[in-house]
Amino acid sequence: MDFALDEQQQMVAEMVRSFAEERVRPGAAERDRTGEFPHEIFAEMGELGLLGMMVPETYGGAGMDLLSYLIAVEELARVDAAVAVGMTVTNSVCCWPIMTFGSEEQKTEFLPQLASGQIVGGFMLTEPNAGSDAASLTTRYRNEGDHWRLDGAKAWITNGEVGRFFICLATKDPALGPKGISCFILDARQDGVVFDPPEAKMGLRSSKTCMVTLDGARVPKTAMLGDEGKGFAIALATLDHSRLGIAAQSVGIATAALEESLRYARDRKQFGKPIMEHQAIAFQLADMDTEIDAARGLMQRAVWAAGQPGRHSRESAAAKLYASEMCNRVVGQAIQIHGGYGFSSEYPVERFFRDARVVTIYEGTSEVQRLVIARALAERAKAL
Ligand SMILES: Cc1cc2nc3c(=O)[nH]c(=O)nc-3n(C[C@H](O)[C@H](O)[C@H](O)COP(=O)(O)OP(=O)(O)OC[C@H]3O[C@@H](n4cnc5c(N)ncnc54)[C@H](O)[C@@H]3O)c2cc1C
């Protein structure tokens, strides 16, 4: 078994780390305060190939493997989780379904624009009354001759307001359940798509998350993704893939929390010695480090599973569940190690604590991940 990164993965790790340190870290705390979206950083990420990392080079992407992409997410999240989430959304839930399920024409039309960073992408699944139970969505589509017409409301849409192409799920008739759902590539730059002002969030404050109303939104006939009625299956396959991006984001935030804690515990003296030399603190640091490694290991195993034939729902769910819960435990410990200073916005762990809170919620809550794992266990039980 070889855990060493190959030459390309090593190169990605080094390149993204230096980009994150030089270009992303300097404004991270300020963007957290102002909530300003980092347009310039996204343009630079496009130039570096970070917005279409797995998109084949023929469509303008970087043509890299899944692990390289996750390494990049981890490096960005280690510095600014809000930048990381915008990057994962464009890569995992916009480019990936187009490159996996799109027609040749769709790949040629949409992928180069997304991969170059000219345009930011997104994913519209959640609705005000359809979150974990996404199959109960009620946004309707209708055939209007030369185009599809979409009407409804979508909630919590990342890259809302700043994004242009969104993968959008809508139903022909809610009574049909998952079989009625189809998937569309929606151009948000039109009168029928109206974003509300961004949500005032606890964390990831420079990432724009919006409610959006679709009122007669038009999608060209050529922009249905996959076959009619297969939209829900596309959404589930996309989430199996994209949840690994959230696992990587969680590992990145936790790594940053550990590094800040090591620095602080080395320098802070109480009772005549660095607090790191008090065994209670040293053991917390040891647990944090071990948990981060365990999460990364589950993620790498899921990357392997993703390369095998068939679905990898259980492996992705396990990686996302463990990594996101681990991340929240680790940032909590980081605050504790910082004592009163951890409660102050002068120290970055306070931002990590707020940014981390959402990783057990989006792209499927921890409870939903447990449902996915429990379903696989029920199958296993039948075979015992
Ligand atoms: C910052 C942010 C960005 C987001 N970005 C996007 C995006 O770009 N695109 C998009 O489509 N969505 C996005 N979302 C939405 C996100 O995926 C949903 O919030 C999430 O799936 C949960 O749905 P909900 O908020 O409606 O909670 P609900 O589904 O109402 O759940 C509420 C609680 O009930 C629990 N629960 C629900 N059903 C069950 C059950 N059967 N068993 C046990 N417990 C259950 C949940 O786990 C949760 O604890 C984003 C959310 C946030 C906060």
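Residues numbered from 1 in each chain as written. Predicted model: local features only at pLDDT ≥ 70, side-chain atom pairs only at ≥ 80, totals over all residues. Heavy atoms only, no water.

*Asks:* Would you mind going over the layout of surface pockets with me for this structure?
*Replies:* Of the voids in this model, the largest pocket is the one considered here, and its volume is about 1,200 Å³. Among the elements of the structure, helix H4 (81-101), strand E3 (147-158), helix H6 (231-267), helix H8 (313-338), helix H9 (348-356) and helix H10 (366-382) are those that each provide at least two residues to the lining of the largest pocket. Broken down by element, the lining of the largest pocket gets its largest block of residues, 6 residues, from H6. Here the lining of the largest pocket is built from residues that sort into 24 nonpolar, 10 polar and 12 charged. Approximately 260 Å³ is the volume attributed to the second largest pocket. At the level of elements, helix H1 (7-34), helix H3 (66-77), H6 and helix H7 (279-306) are the ones that each hand at least two residues to the lining of the second largest pocket. Looking at the lining of the second largest pocket, the element that brings in the most residues is H3, giving 5 residues. Both of domain 1 (7-119) and domain 3 (232-382) provide at least three residues apiece to the lining of the second largest pocket. (1 Å grid on protein atoms, 1.4 Å probe; cavity = no way out; pocket = protein on both sides within 12 Å on 5 of 7 lines; lining within 4 Å. Points joined across faces, edges and corners; volume = space filled by probe spheres on them. Helix = DSSP H or I, 4+ residues; strand = E, 2+ residues; numbered from the N terminus. Nonpolar A, V, L, I, M, F, W, Y, C, P; charged D, E, K, R; others polar. Domains from an automatic or database assignment.)

*Asks:* Explanation requested: the site of the ligand in the structure shown.
*Replies:* Around the ligand, a shell composed of 17 residues is seen, among which Thr-126, Ser-132, Trp-156, Thr-365 and Glu-367 lie nearest. At 2.7 Å, a side-chain N or O of Thr-365 approaches an oxygen atom of the ligand. Considering the ligand on its own, with 980 Å² of exposed area, one finds that the protein chains cover 63% of that surface. Among the elements of the structure, E3 and H10 are those that each provide at least two residues to the shell around the ligand. (Near = heavy atom within 4 Å. Polar contact = N/O pair within 3.5 Å; in protein donor to acceptor, adjacent residues only side chain to side chain. Areas by Shrake-Rupley, 256 points an atom, 1.4 Å probe, with all protein chains shown as cover.)

*Asks:* What should I look at first to understand the domain arrangement of the protein in this one?
*Replies:* By a widely used convention, the size of an interface equals the accessible area lost when the partners come together. Each assigned domain of the protein is listed with its residue range as follows: domain 1 (7-119), domain 2 (122-229) and domain 3 (232-382). Using only C-alpha atoms to locate each centre, domain 1 and domain 2 end up separated by 22 Å. With 25 residues of domain 1 at the contact, the number on the domain 2 side is 19 residues. Note on domain 1 versus domain 2: buried area summed over both sides is about 1,900 Å², and carbon and sulfur give 69% of it. Put simply, domain 1 and domain 2 have 0 salt bridges between them. Along the contact surface separating domain 1 from domain 2 lie 6 residue pairs in polar contact (both at pLDDT 80 or more). Elements represented by at least two residues in the side of domain 1 that touches domain 2 include exactly H1, H4 and helix H5 (104-115). Considering each element in turn, the side of domain 1 that touches domain 2 owes the most residues, 11 residues, to H4. Residues of the side of domain 1 that touches domain 2, tallied by class, amount to 14 nonpolar, 7 polar and 4 charged. (Contact = heavy atoms within 4.5 Å. Buried area = accessible area lost by both parts, 1.4 Å probe. Salt bridge = Lys/Arg side-chain N within 4 Å of Asp/Glu carboxyl O.)

*Asks:* Sorry if this is basic, but what is going on with the environment of Lys-208 here?
*Replies:* As for its position among the elements, Lys-208 is in the loop between strand E6 (193-195) and strand E7 (209-220). The exposure class of Lys-208 is buried, given its relative accessible area of 13%. As for Lys-208 and Asp-173, which are separated by 35 residues in sequence, their C-alpha atoms are 30 Å apart. (Buried < 20%, exposed > 50% of the residue type's maximum accessible area, 1.4 Å probe, protein only.)

*Asks:* What is the right way to look at H3 in this model?
*Replies:* Since there are 3.6 residues in each turn of an α-helix, residues three or four apart along the chain are aligned in direction. Taking 1.5 Å as the rise per residue, H3 with 12 residues should run 16 Å; its terminal C-alpha atoms sit 17 Å apart, in good agreement. Of all 12 residues in H3, 12 are buried; the element is thus mostly enclosed. Elements that come into contact with the buried residues of H3 comprise H1, helix H2 (39-47), H4, H6 and H7. (Expected span 1.5 Å × (residues − 1).)

*Asks:* Quick question: what am I supposed to make of the environment of Gly-63 here?
*Replies:* Take Gly-63: it is sitting in the loop between H2 and H3. Between the C-alpha atoms of Gly-63 and Met-53, which are 10 residues apart in sequence, the distance is 6.0 Å. Not counting the four nearest positions on each side in its chain, Gly-63 is found in contact with Gly-52, Met-53, Met-54, Val-55, Pro-56 and Glu-57.

*Asks:* What is the right way to read the nonpolar core from this model?
*Replies:* Nonpolar side chains in soluble globular proteins generally cluster together in the buried interior. If you look at the biggest cluster of nonpolar residues, it comprises 115 residues, and the most contacted ones within it are Met-45, Leu-76, Met-87, Leu-150, Ile-167, Leu-169 and Ile-253. Among the nonpolar cores identified, the runner-up in size contains 5 residues, and Ala-317, Ala-318, Leu-321 and Ile-373 belong to it. (Core = buried A, V, L, I, M, F, W, Y, C linked by side-chain atoms within 4.5 Å.)

*Asks:* Explanation requested: the side chain of Ser-182 in the structure shown.
*Replies:* Tracing the chain through its elements places Ser-182 in strand E5 (residues 181-187). Looking at Ser-182, its side chain comes within polar contact range of the main-chain nitrogen of Gly-229, at 2.8 Å. Discounting chain neighbours no more than four positions away, the residues touching Ser-182 are Tyr-141, Cys-168, Leu-169, Ala-170, Met-224, Glu-228, Gly-229 and Gly-231.

*Asks:* I would appreciate a short explanation of the pairing of E5 in the present structure.
*Replies:* On a regular strand, each side chain points to the face opposite its neighbour's, so the side chains alternate between the two faces of the sheet. Counting buried positions along E5 yields 6 of 7 residues, so the element is predominantly enclosed. Examined bridge by bridge, strand E4 (residues 165-171) and E5 share 7 bridges and lie antiparallel to one another. When the sheet's bridge partners are listed, Leu-169 is paired in E5 with Cys-183. The pairing of E5 with strand E8 (residues 224-225) spans 2 bridges and is classified as antiparallel. (Pairing = 2+ DSSP bridges.)

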